[in-house]
Amino acid sequence: MKYSIIIISKDNRDYLTNGLESLLKSVPKNLEIIIVEASDILEELSVDGNIKHIRIPKMEAGFSAQRNLGVKNATGEYIIFIDDDEEITNDWFENLTRVIKENKEIAGAMGTTFPIPKNANIISFSEGVMGHPGGGFRFHNFSKGKVISISQVTGCNMILKKSVIEEAGYFDFRNFHGGEDTDLGIRITKKFGVNQFRYIPNALLWHYSKTNFFDMCRWYLRRGIADAELFLKHTVHIKYLISTSVILKILPVMVLSFIFNWMILPGAFFIWYFLQISRTRFMFSYFYPYNFSSTKKIITFLLFPFIKLTADIMFDFGRIKRIVNISLKRR
């Protein structure tokens, strides 16, 4: 059984160099590593004989385009995808591949991805509580530390059979804004059936998450655009859209407040706020790697619902923006 690791990157040389150095310390020496870098930087990346460095012009960049290029140049039976802005933990590769060895019939799996502790703040930690990137603390807590069956995998820490990627039709170039991993997962499930993926809680990677509030807003806006593209392509995705849309939840409350009593709106907000507080108490189990004072932990806990509300609204705005743009183009 042979593995190939694919890293895609766009104008992110500093993170890429750091992540590659971390990777090389933690994986077998003869492992095939393919870097697909979109950049106009002329300086060559210093790599050894086991690393294929594929450079493309920045104008040809794209999540799907770069991943597909990596897959087509890979010789491994299994393809491992990671991001350029991640650092590897010592047992990550062994834990990720062990489950594949024990479950050869499945299409793939994903590991755990947490915000990296070295530059973590309230924003990046809150993203982990919301489940980003790659499931974050939320999904790890849901798994209770056990390998579980899942319906989707995320591209920042996943392993897939190369033959399955090929038979499912590779990553779709139309998923330009992201969501290419979710799209491929949906197509794999349609073709090969349910329970094709596993979540491996102890296959941990550290990810450089957004630490600036406005960067976080832009990231969730882009995720919303990508999510709208998935909805327009896969009708099965509508259930996720309805269940996660905060605007669909706010509008009925606003209408009721307008018709009956304006106090309904703040009352509903306080109920929602304390419900969020109750649901996210698990975050205190994940403060241990992070250098947060007791005061900062409490502030993070109390501010989290507001950060989540902002992220959810930006997510919905991205969805609306994309759907409106497509509707206008069709006229």
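Here the structure is shown first, and the text comes after it.
Residues numbered from 1 in each chain as written. Predicted model: local features only at pLDDT ≥ 70, side-chain atom pairs only at ≥ 80, totals over all residues. Heavy atoms only, no water.

Engineer: Could you give an account of the overall build of the protein chain, naming the residues involved and the relevant values?
Structural biologist: A count of helices and strands for the protein chain gives 12 helices and 9 strands. Relative to its length of 331 residues, the protein chain is compact, with a C-alpha radius of gyration of 21 Å against a globular reference of 20 Å. Each principal axis of the C-alpha atoms in the protein chain carries an extent, and together these give about 70 × 55 × 45 Å. By sequence separation, contacts in the protein chain at least 24 residues apart represent 76% of the contacts at least 6 residues apart. Entry remark: accessible area of the protein chain is about 16,300 Å², with carbon and sulfur atoms responsible for 59%. (Helix = DSSP H or I, 4+ residues; strand = E, 2+ residues; numbered from the N terminus. Rg over C-alpha atoms; globule rule 2.2 N^0.38 Å. Contact = heavy atoms within 4.5 Å. Areas by Shrake-Rupley, 256 points an atom, 1.4 Å probe, with all protein chains shown as cover.)

Engineer: Now, about the packing of helix 10 (residues 246-259) against helix 11 (residues 264-279): what can you tell me, with residues and values included?
Structural biologist: Between helix 10 and helix 11, the shortest axis-to-axis distance is 8 Å and the interhelical angle comes to 145°. In this structure, helix 10 uses Val253, Met254, Leu256 and Ser257 to contact helix 11, whose residues at the interface are Ile264, Leu265 and Ala268. Grouping the amino acids of the contact of helix 10 with helix 11 by side-chain chemistry returns 6 nonpolar, 1 polar and no charged. (Axes fitted to C-alpha atoms, helices over the stretch in contact; angles between N-to-C directions. Nonpolar A, V, L, I, M, F, W, Y, C, P; charged D, E, K, R; others polar.)

Engineer: Please provide a residue-by-residue account of the packing of aromatic side chains, values included.
Structural biologist: Summed over all chains, the structure comprises 29 aromatic pairs. Judged by centre distance (5.5 Å) and plane angle (85°), the ring pair of phenylalanine 81 and phenylalanine 171 falls under edge-to-face. With phenylalanine 81 in strand 4 (residues 78-83) and phenylalanine 171 in the loop between helix 6 (162-168) and helix 7 (180-192), this residue pair connects regions lying 90 residues apart in the sequence. There is no split in this pair, since phenylalanine 81 and phenylalanine 171 are both buried. Consider the rings of tryptophan 219 and tyrosine 220, whose centres lie 4.9 Å apart with planes at 90°: the pair is edge-to-face. Tyrosine 220 gets classed as buried once you look at its relative accessible area, which sits at 2%. An aromatic cluster of three or more residues is present, and its members are Phe114, Phe125, Phe137, Trp206, Phe282, Phe284, Tyr286, Phe287, Tyr290, Phe292 and Phe301. (Phe/Tyr/Trp six-rings, centres within 6.5 Å; stacked < 30°, edge-to-face > 60°. Buried < 20%, exposed > 50% of the residue type's maximum accessible area, 1.4 Å probe, protein only.)

Engineer: Requested: an account of the pairing of strand 2 (residues 32-38), with residues and values cited.
Structural biologist: In terms of burial, strand 2 is largely enclosed, as 7 of its 7 residues are buried. Neither face of strand 2 is open: one carries Glu32, Ile34, Val36 and Ala38, the other Ile33, Ile35 and Glu37, and all of them are buried. Strand direction decides the pairing type here: strand 1 (residues 3-10) and strand 2, joined by 7 bridges, are parallel. Of the residues in strand 2, the one forming a bridge with isoleucine 6 is isoleucine 34. Sheet topology places strand 2 next to strand 3 (residues 51-56); 6 bridges connect them, and they run parallel. Looking at the pairing, isoleucine 35 lines up with histidine 53 of strand 3. (Pairing = 2+ DSSP bridges.)

Engineer: Summarise the environment of valine 99; cite the residues concerned and give the values.
Structural biologist: Secondary-structure assignment places valine 99 in helix 3 (residues 92-102). The spacing of valine 99 and isoleucine 159 is 60 residues in sequence and 10 Å in space, taken between C-alpha atoms. The contact partners of valine 99, leaving out residues within four places of it in the chain, are Val147, Arg198 and Ile200.

Engineer: Break down unusual backbone geometry for me, citing the residues and quoting the values.
Structural biologist: Note the cis peptide between histidine 132 and proline 133, where omega equals -5°. Position of proline 133 relative to the elements: it lies in the loop between helix 4 (122-130) and helix 5 (136-143). Phi at aspartate 11 is positive, roughly 50°, even though this residue is not glycine. By relative accessible area, aspartate 11 is classed as partly exposed at 39%. In this structure, tyrosine 170 is a non-glycine residue whose phi angle is positive, near 65°. Its place among the elements puts tyrosine 170 in the loop between helix 6 and helix 7.

Engineer: Quick rundown of the pattern of salt bridges? Include the residues and the values.
Structural biologist: Taken as a whole, this structure holds 12 salt bridges when the rule is applied. As a salt-bridge pair, aspartate 11 and lysine 58 come within 2.9 Å of each other at their nearest N and O atoms. Here the residue aspartate 11 occupies a position in the loop between strand 1 and helix 1 (13-24), and lysine 58 occupies one in the loop between strand 3 and helix 2 (63-72), the gap between them amounting to 47 residues. Linking aspartate 215 and arginine 218 is a salt bridge whose minimum nitrogen-to-oxygen distance equals 2.4 Å. Here aspartate 215 pairs with arginine 218, and both are found in helix 8 (residues 213-233), just 3 residues apart, close to one helical turn. The exposed category is assigned to arginine 218, whose relative accessible area is 52%. (Salt bridge = Lys/Arg side-chain N within 4 Å of Asp/Glu carboxyl O.)

Engineer: So what's going on with a nonpolar patch on the surface? Which residues, and what values?
Structural biologist: On the surface, Val255, Leu256, Phe258, Ile259, Phe260 and Ile264 cluster together to form a nonpolar patch covering roughly 660 Å² of accessible area. At 4 residues, helix 10 tops the list of elements feeding residues into the nonpolar patch. (Patch = residues over 30% accessible without salt bridge, like charges linked within 9 Å, V, L, I, M, F, W, Y side chains within 5 Å.)

Engineer: Explain the packing of helix 4 against helix 5 to me, and be specific about the residues and the numbers.
Structural biologist: Between helix 4 and helix 5, the least distance of the axes is 3 Å, while the angle of their chain directions is 40°. For the pair helix 4 and helix 5, the contacting residues are Phe125, Gly128, Val129 and Met130 in the first and Gly136, Phe137 and Arg138 in the second. Residues that form the contact of helix 4 with helix 5 fall into these classes: 4 nonpolar, 2 polar and 1 charged.

Engineer: Run through helix 5, naming residues and quoting values.
Structural biologist: Structural remark: α-helix, 3.6 residues per turn; residues separated by three or four positions point the same way. Every buried residue of helix 5 is listed here: Gly136, Phe137, Phe139, His140 and Ser143. Buried residues of helix 5, seen end-on, are gathered within an arc of 170° and therefore sit on one face of the element. Close packing links the buried residues of helix 5 with strand 6 (108-115), helix 4, strand 7 (148-150) and strand 9 (197-207). Downstream of helix 5 by a residue or two, lysine 144 has a phi angle that is positive, lying close to 55°. (Arc of directions from axis to C-beta.)

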